[in-house]
Amino acid sequence: MRVYADNAATTPLSARALEVMDRCLREVYGNPSSLHAVGQRAADALLEARRVVARCLGCVPAEVVFTSGGTEANNQALVSAALGARRAGKTHLVATAFEHHAVLNTLRRLEGQGFEVTLVPVGADGVLEVESVERALRPDTALVSVMYANNEVGTVQPLAQIGTLCRAHDVLFHTDAVQAAGHLPIDLHAQGVDLLSLSGHKFGGPKGAGALCARRGVVLTSLLVGGPQERGRRAGTENLPAIAAMAAALEESCAHMDEDARYVSALRDRLVRALGAVPHSRLNGDPVRRLPGNVSFTFEGVDSERLIMALDARGVCASAGSACGAGSPEASHVLLAMGLPQELAYSTVRLSLSPNNTAEEVDYLCAIVPQVVSELRRDSPAWREVSAGARDPLIP
Ligand SMILES: *Cc1c(COP(=O)(O)O)cnc(C)c1O
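On a predicted model such as this, the values are computed, not experimentally measured, just so you know.

Enquirer: Please set out the packing of aromatic side chains residue by residue, giving values where relevant.
Expert: With the rule as written, the count across this model stands at 1 aromatic pair. Its guanidinium or amino end placed over the ring of Trp383, Arg377 lies 3.9 Å from that ring's centre, counting from NZ or CZ.

Enquirer: How would you summarise the environment of Ser374 if you had to cite specific residues and measurements?
Expert: Among the structural elements, Ser374 can be located in helix H13 (residues 359-378). Once the C-alpha coordinates of Ser374 and Gly301 are considered, the two residues, 73 residues apart in sequence, prove to be 9.8 Å apart.

Enquirer: Any chance you could break down the nonpolar core for me, citing the residues and the numbers?
Expert: With 70 residues, the main nonpolar core has Phe66, Val144 and Leu196 as its most contacted residues. Ranked by residue count, the leading element in this core is helix H8 (residues 240-255), at 10 residues. Among the domains, domain 1 (3-10 + 256-387) and domain 2 (15-255) are the pair contributing at least three residues each to this core. If near-sequence neighbours (up to four positions away) are discounted, Leu196 is found in contact with Leu57, His174, Thr175, Ala177, Ile186, Leu188, Ala211, Leu212 and Cys213. Counting 30 residues, the second largest nonpolar core, distinct from the first, contains Val302, Ala310, Ala318 and Leu365.

Enquirer: Describe the pairing of strand E7 (residues 195-199), with residues and values.
Expert: Of all 5 residues making up E7, 5 are buried, and the element is well covered by its neighbours. Burial along E7 is two-sided: the face carrying Leu195, Ser197 and Ser199 and the face carrying Leu196 and Leu198 are both buried. Pairing of strand E6 (residues 172-176) with E7 involves 3 bridges; the strand directions are parallel. The residue of E7 that forms the bridge with Asp176 is Ser197. The pairing of E7 with strand E8 (residues 210-214) spans 5 bridges and is classified as antiparallel. Bridge pairing in E8 places Ser197 opposite Leu212.

Enquirer: Requested: an account of the sheet that holds strand E10 (residues 294-299), with residues and values cited.
Expert: Read from one edge to the other, the open sheet built from 3 strands follows the order E9-E10-E12, with strand pairing classed as antiparallel. Sheet topology places strand E9 (281-283) and strand E12 (348-352) at the edges, where each strand pairs with a single neighbour. Pairwise comparison of adjacent strand axes, ignoring direction, gives a mean angle of 25° for this sheet. Against the sheet, helix H9 (residues 257-276) engages E9, E10 and E12, with an angle of about 5° to E10.

Rules behind the numbers
- Residues numbered from 1 in each chain as written.
- Predicted model: local features only at pLDDT ≥ 70, side-chain atom pairs only at ≥ 80, totals over all residues.
- Heavy atoms only, no water.
- Phe/Tyr/Trp six-rings, centres within 6.5 Å; stacked < 30°, edge-to-face > 60°.
- Lys NZ or Arg CZ within 6 Å of the ring centre and 35° of its normal.
- Helix = DSSP H or I, 4+ residues; strand = E, 2+ residues; numbered from the N terminus.
- Core = buried A, V, L, I, M, F, W, Y, C linked by side-chain atoms within 4.5 Å.
- Buried < 20%, exposed > 50% of the residue type's maximum accessible area, 1.4 Å probe, protein only.
- Domains from an automatic or database assignment.
- Contact = heavy atoms within 4.5 Å.
- Pairing = 2+ DSSP bridges.
- Axes fitted to C-alpha atoms, helices over the stretch in contact; angles between N-to-C directions.

Listed below in structure tokens is the structure:
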């Protein structure tokens, strides 16, 4: 059996998205900036995609800027907010310690350009306390960036409360909603968000298309220098087939959000129960305030990379932490930020489910993962020490 359980890394293209993309590639080849009929047909399709995305996010079409994905949207959000604030003399930026690298490394670059960054710690449950954001605020704070849902441990952050806090302190609020879009309700204005990033390939759309939503009045700086596309906020001819397919996938995901969440979270909870029966193992992150499909589990004494390879040999696609961390020898900054000891951070696997997964597939996961864990433990020197009583386990 083959089970794709790495939907937080990327999702397969939905049938509807593929159909839209195919039709667009064949028939809507015009440049949306051209004045003639073929160009105007592309412009119409682009506007329709913008309307769909806006409707799904509780904003208006003019507030949606199409980008090449989540990374670009995060870069542009942070750079725009920082440059805008510097003109007003504000140079302090706040984010959580467990943001995606597209946020953390952009902040690092801004630090090199004279900005000061405070990373707020997260709780052991992977959920941010609003008070800890409040404590980090200063009179010169320009921006707070908090992801809606974490990509490694799936925990969901109290977005609306942070939005309210930011508004009260006249600070811009950006959220990396890449893991949340299409899976959790989003309402830009009701949640008090000024800037929101999303990416098509995390909800059944194609790779290479995303969006940055910027509330009216928030000035965006184009990262690319060129033509006046996207009202001067993103130069370059729009990738219409991917954008239209992303909009179709988002519309589809949002239309089925509640039933999908019920279905996927039931699968998730069954998997969590089965894995929880493995001795000296533990679920990472709050069990309830988490994405419907995320299962992040630590198995003491098991090297996560070996676990991923052993699962792959049995047809299971899983991930150690995030896809972006694969091949990197560094322990997950997300797990370390939640206070996991380094050794346990290296013993963590992420299984991320989607509505495409079946009950039979989850049965297989419930059986195969504990089996592979015991096999690997038999070969693990660290585990032998624990089982021989030479040292106490880190997970009781
Ligand atoms: C995948 C992901 C990104 C990056 O999006 P791309 O479209 O792949 O560039 C950013 N943030 C989070 C939380 C993600 O999961």
